[in-house]
Amino acid sequence: MEKQALPASSCSLVLLEETKKNPLLLSNGGGGYTPAASNGSLAPLAPGSGVGGAAGACGGPDRKAVPVPGPGYPERETWTRQMDFMMSCVGFAVGLGNVWRFPYLCYKNGGGVFLIPYLLIVFVGGIPIFFLEIALGQFMKAGSINVWNIAPLFKGLGYSSMVIVFFCNTYYIMVLAWGFYYLIKSFNSTLPWSTCDNEWNTPNCIEIFRRQDCNNGSFANVTISGNLTCAELADAQSPIIEFWERKVLNISSGLGDTGDFNWEMALCLIAVWVMVYFCVWKGVKSTGKIVYFTATFPYVVLVILLVRGVTLPGAYDGIMYFIKPDWSKLGEAQVWIDAGTQIFFSYAIGLGALTALGSYNRFNNDCYKDAFVLALINSGTSFFAGFVVFSILGFMAAEQGVDISQVAESGPGLAFIAYPKAVSLMPVAPLWAALFFFMLLLLGLDSQFVGVEGFVTGILDLFPGKQHYRYKREVSVAVCCSLCFIIDLSMVTQGGMYVFQLFDYYSASGMTLLWQAFWECIVVAWVYGADRFMDDVARMIGYRPFPWMKWCWSFITPCVCMGIFLFHLVNYKPLTYNNVYVYPWWGEAIGWCMALSSMLCIPVSLLYKLFRAKGSFKERWAHLTTPVWGAHQLEYMAPDIKSLSSLSTADDNKVIIFESVM
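Just so we're clear, the structure is a prediction, and the values are computed from it rather than from any experiment.

S.K.: With reference to specific residues and values, describe the state of the cysteines.
M.R.: Evaluated as defined, the whole model comprises 1 disulfide. Each sulfur of the disulfide joining Cys196 and Cys205 lies 2.0 Å from the other. Negative torsions about the S-S bond denote left-handed disulfides, and the value of about -70° found for Cys196 with Cys205 makes this one left-handed. Between Cys484, a free cysteine, and Cys480, which holds the nearest cysteine sulfur, the sulfur-to-sulfur gap is 4.5 Å.

Given below as structure tokens:
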């Protein structure tokens, strides 16, 4: 039976006002309250204790007052429909990594065999933390910083996730700018990356080259512009690579050579930031509507591309290359590490955005069921996208007469080199190119604006009350977008790709996300209490989740996170571009500063709070790990109406807050 939120008495109103003056009054064990149960609910106060004059204020007969937000404290928004939340989570978590990273990892790590470690880590790491972040946001009704009022000593977790998501928002949008540029260029009768007669092409550009001709020694069969030998052809480049490196990136010699601005890319960057701003500026009421299109239309495009792909010659070979099992791969540690890192990337864990999305849920929403449904959609999309990608790559390999391993790529190489080259070989190439890049733009767009939403939510939660004014959200989103755009200007120069890779490799790397997830599990399971949080979840959804979640939070997931984290650390390799350019020492130093800027938030904040507190270590720990409840907990922990009506008049001078009975 679902617990109903009941009207609070005037006593609750007084407590709400006192809470806004001193939030610690509502913390478990603080301000006169005594711990009531293992879940940290509030126990009855003795007469005259705790809130001072609050007890007297509650002595009147008025028990029908409805709680209203205090002066300057707006009510927290909620999703218009629960489906808005689901679509937002799908839009955020299902992104470019599902399309351009998972298929490559699957073929590289043994095809269908890769699903064994992948699914295993989904159940011991992905789903438990995914559910934990959504449930935390829903229970605390706060963004990624204030949600850690559940254990204030570890509020550094919130600052850490804010730093990570800020870095993500900054560099991730460059992929959208590149995709938008390709989309515009797709509206030409001849795709500009399919020919060698453009101003950016070099004499080494070759449109068609069959490698087996040189391998067989049939030099005469090679028909190209100019009389080039096979030795000279080894240095030749395809038009798509020259379009990417010489036109889109116009790449310089290294990180220290910034070069000139690419004004076309700068305009594309402005365009996508304007799109993101108007998707987010009005909050979840507007975001929840936009994601219905941005999250669902990519699936329509994927289906269209799959239907087209499987009808092409060579598609069957490509798909079999994708799913053919290689059982020997299971014994390689790298396969398991790839599975773990892919899950943390694709599930968007540790960024704080899932917490922000969950905070707009109704208190009674069944987030446990939602977590499993969203995980199924996320992983299912990754596997489905593999069939789409490899059917096209199989066709491209057959057209060029090469093995599929020579055309299969991951990341930007797949999106901006392999796939555009494949569609250029199809009939009606501009149509398929436009469809693909429109899908790419939508996949990245909803991930981007939900990331911005998560960051802005965390910032606004820090400044409630007096700082609230009518256009606070609009101005905050504008400041966030403008700041990110200024940093992005370094990525639209000739050395911009080196800057982009630096952000991608260090700021939101596997190590930072694993470190964040490890501490989230430790704090909830061992500081706040796994059983206690399971009780809180039961209060929200009406039943206790399967104990597997508690076991994962307490033991399995932290071990998995720390194991993969240490593997990354031990096997660290310096960053390179195209396996040729090695970053200078000062470039790596900047990268490590970005990584440590988020990772050090947790220990530095913890030590700072401990040293600032007074008393013995035990007293400091007890005080700083005491949860700080919000006003909404009072409302949902209110007694039954019958219990209120049965109170004797002799008890009217007591402030009583009961634990709800499920």
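That covers the picture; the talk isn't over yet.
S.K.: Explain the side chain of Glu474 to me, and be specific about the residues and the numbers.
M.R.: Residue position: Glu474 is located in helix H20 (residues 472-488). Excluding its chain neighbours within four sequence positions, the residues that come into contact with Glu474 are Tyr277, Trp281 and Lys282.

S.K.: Which residues make up the packing of aromatic side chains, and what values do they have?
M.R.: Within this structure, the stated rule accounts for 63 aromatic pairs. Here the aromatic rings of Phe278 and Trp281 are separated by 5.2 Å at their centres, their planes lie at 80°, and the arrangement is edge-to-face. Residue classification places Phe278 among the partly exposed positions, given a relative accessible area of 47%. Trp281 sits in the partly exposed class, given a relative accessible area of 26%. Where Phe546 meets Trp551, the ring centres are 6.3 Å apart and the plane angle is 70°; that geometry is what we call edge-to-face. Its relative accessible area of 54% is what places Phe546 among the exposed residues. Classification of Trp551 as partly exposed rests on a relative accessible area of 40%. One cation-aromatic arrangement involves Lys282 over Trp281; the distance from NZ or CZ to the ring centre is 4.6 Å.

S.K.: Residue-level account of the pattern of salt bridges, with values.
M.R.: A side chain of one charge can pair with a side chain of the opposite charge when the charged atoms of the two come close. Counting across every chain of the model gives 8 salt bridges. The partner of Lys247 in a salt bridge is Glu264, and the shortest N-O contact between them spans 3.3 Å. Here Lys247, found in helix H10 (residues 239-248), pairs with Glu264, found in helix H11 (residues 263-280); they are 17 residues apart in sequence, far enough to count as distant. By relative accessible area, which is 36% here, Glu264 ends up partly exposed.

The rules behind the values
Residues numbered from 1 in each chain as written. Predicted model: local features only at pLDDT ≥ 70, side-chain atom pairs only at ≥ 80, totals over all residues. Heavy atoms only, no water. Disulfide = S-S within 2.5 Å. Helix = DSSP H or I, 4+ residues; strand = E, 2+ residues; numbered from the N terminus. Contact = heavy atoms within 4.5 Å. Phe/Tyr/Trp six-rings, centres within 6.5 Å; stacked < 30°, edge-to-face > 60°. Buried < 20%, exposed > 50% of the residue type's maximum accessible area, 1.4 Å probe, protein only. Lys NZ or Arg CZ within 6 Å of the ring centre and 35° of its normal. Salt bridge = Lys/Arg side-chain N within 4 Å of Asp/Glu carboxyl O.

Honestly, that's just the spatial picture; any functional story needs more than this.
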